[in-house]
Amino acid sequence: MNFGSAVFRALEYHIPQKLDFEKMQKAIKYFEGTHDFKAFKSSGTSSKSSVRTIYKTKIEKKDERIIIELTGNRIFI
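As the structure is a computational prediction, the values presented were derived from the model and not from experiment. (Residues numbered from 1 in each chain as written. Predicted model: local features only at pLDDT ≥ 70, side-chain atom pairs only at ≥ 80, totals over all residues. Heavy atoms only, no water.)

**Remarks on the sheet that holds strand E2 (residues 51-62)**
Here is the rule: We treat two strands as partners when DSSP finds at least two bridges between them. Numbering goes from the N terminus for both helices and strands, where a helix is a DSSP run of H or I of at least four residues and a strand is a run of E of at least two. Interaxial angle, 0 to 180 degrees, is taken between N-to-C directions of lines fitted to C-alpha atoms, where a helix line uses only the stretch in contact.
Strand order in the open sheet formed by 3 strands is E1-E2-E3, and the pairing between neighbours is antiparallel. Every interior strand has two partners, whereas the edge strands, strand E1 (33-36) and strand E3 (65-72), have only one. Direction aside, neighbouring strands of the sheet carry axes that sit 50° apart on average. Across 8 bridges, the pairing between E2 and E3 is antiparallel. Across the sheet, the residue bridging to Ile54 is Gly72, located in E3.

What follows is the structure, given as structure tokens:
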């Protein structure tokens with residue numbers, strides 16, 4: 001049983017369930033484009049708009065880790 005890494009605790013999430021990587025590969029493309037990411041916005045943020053444009057998505061599997069990379073016009077805070 002894997003419990004995640006203490007070293008990367010602030011940089012990654014540990015999900016104990018098995019993820020379907022093939023479905024994730026298909027689904028990640030839906031993030032591309034301009035969308036309102038209000039549901040991901042931190043409370044108390046000074047950002048006035050939660051609309052972001054994702055230009056590129058990438059997902060890869062390295063050993064037991066799944067790495068997701070989103071390239072867009074702003075950061076999510």
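**With respect to the packing of aromatic side chains**
Where we set the bar: Paired rings are identified among Phe, Tyr and Trp, the last through its six-membered ring, by centres lying within 6.5 Å, and are further divided according to the angle between planes into stacked (under 30 degrees), edge-to-face (over 60) and tilted (the rest). Each residue is assigned to one of three classes by its accessible area relative to the maximum for its type, calculated with a 1.4 Å probe on protein chains only: buried under 20%, partly exposed between the two thresholds, exposed over 50%.
Counted under the stated rule, the structure contains 1 aromatic pair. When the centroid spacing of 6.3 Å and the interplanar angle of 5° are considered together, the rings of Phe31 and Phe37 count as stacked. Accessibility expressed as a relative area gives 8% for Phe37, which makes it buried.

Purely spatial values, then, with no claim about function.
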